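Per-entry structural report
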Amino acid sequence: MEKFSPTLIIGLGGIGSSIVEGIYRKFEASNPSDLERANATFLCLDTDENDINKRQKVMPKECVIKTSSDLNTSIAHYIERIKGKTTVEKWFDTSKRELMSMPLNSGAAQVRMASRLAMISAIDEGKLAPIDYAIKKLTETNPAAHRGNDVKIHIISSLAGGTGAGTFLQTAYYVKSA
C-alpha cells in the first residue's frame, strides 16, 4: 500500500456511513501494516438504530456513533430546553405539529432539521468525543512521518437524506474546532 498522511474518514447518515464501511472493508482486506492502520481512522455517524447495529457487526463499535439523543423527550421539549442557548428558533420550523411531537431519540426520519437538532444533542451529550480522540491519535502517530498536525479529514454524506444533509456543516465545524 502506498504511504499516506494520517487520515480520518467520517461517514454521515446512511449513505455516507455505507460508503465509509465499504472503504473500511477494502482497507482491511488490503492487509495494512501497523503504521498504515495507525494512520487511518474510520467513523460512521448516524441516527438510524438499525443501520448502526449493522455497521457495528463490521466495524469496531467505537467507530460507529449514534447521533440521535439518549434523552427520552420530544423535539418540542428539547427545543424549549435549548432556546436562548442556540440559534434553534431561527432555523427550526416549529409550526409542524407532527415534527414537534417526534421523540428526539428516534432518528432523523429523513428530516434535516431533526438531524441537525439531534447533532446538537449529541454534542451536548459528549457523543462526538471519538472524533476528538481520532484527531488526537492521528496527530500523535509517528509525528516524524508528517508535518505538524497534518491530518487529512474527509466527510462523506448524501445531500438527499436527513442525517447527512442535516449535519454535514455542523460536523465540519466540529472537526475544525477539535
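The text that follows walks through the structure, step by step, so that each part is easy to find. Remember, predicted model here, so these are calculated numbers, not experimental data.

1. Examining the state of the cysteines
Disulfide: a covalent bond connecting the sulfur atoms of a pair of cysteines. The full count for this structure, using the stated rule, is 0 disulfides. Among the cysteines around Cys 44, which has no disulfide bond, Cys 63 carries the closest sulfur, lying 8.1 Å off.

2. Details of the sheet that holds strand β3 (residues 64–66)
What the 4 strands build is an open sheet, ordered β3-β2-β1-β4; its pairing is parallel. Each end of this open sheet is capped by a strand with a single partner; those strands are β3 and β4 (152–156). Neighbour-to-neighbour, the strand axes of this sheet turn through a mean angle of 20°, independent of strand direction. Here 6 bridges tie strand β1 (residues 7–12) to strand β2 (residues 40–46), and the two strands are oriented parallel to one another. Bridging across to β2, Leu 8 finds its partner in Thr 41. Relative to β1, helix α9 (residues 163–177) is tilted by about 150°, and along the sheet it contacts β1, β2 and β4.

3. A look at the pattern of salt bridges
Taken as a whole and assessed by the stated rule, the structure comprises 11 salt bridges. Of the charged contacts in the structure, one is a salt bridge between Asp 70 and Lys 66, with a shortest N-O distance of 3.5 Å. By relative accessible area, which is 52% here, Asp 70 ends up exposed. The salt bridge involving Lys 136 is made with Glu 140; its shortest N-O contact spans 3.6 Å. Here Lys 136 and its partner Glu 140 are both found in helix α8 (residues 129–140), 4 residues apart, which amounts to about one turn of the helix. Connected through salt bridges with shared partners, the residues Glu 49, Lys 66, Asp 70, Glu 125 and Lys 127 form a single ionic network.

Cut-off values and rules
Residues numbered from 1 in each chain as written. Predicted model: local features only at pLDDT ≥ 70, side-chain atom pairs only at ≥ 80, totals over all residues. Heavy atoms only, no water. Disulfide = S-S within 2.5 Å. Pairing = 2+ DSSP bridges. Helix = DSSP H or I, 4+ residues; strand = E, 2+ residues; numbered from the N terminus. Axes fitted to C-alpha atoms, helices over the stretch in contact; angles between N-to-C directions. Contact = heavy atoms within 4.5 Å. Salt bridge = Lys/Arg side-chain N within 4 Å of Asp/Glu carboxyl O. Buried < 20%, exposed > 50% of the residue type's maximum accessible area, 1.4 Å probe, protein only.

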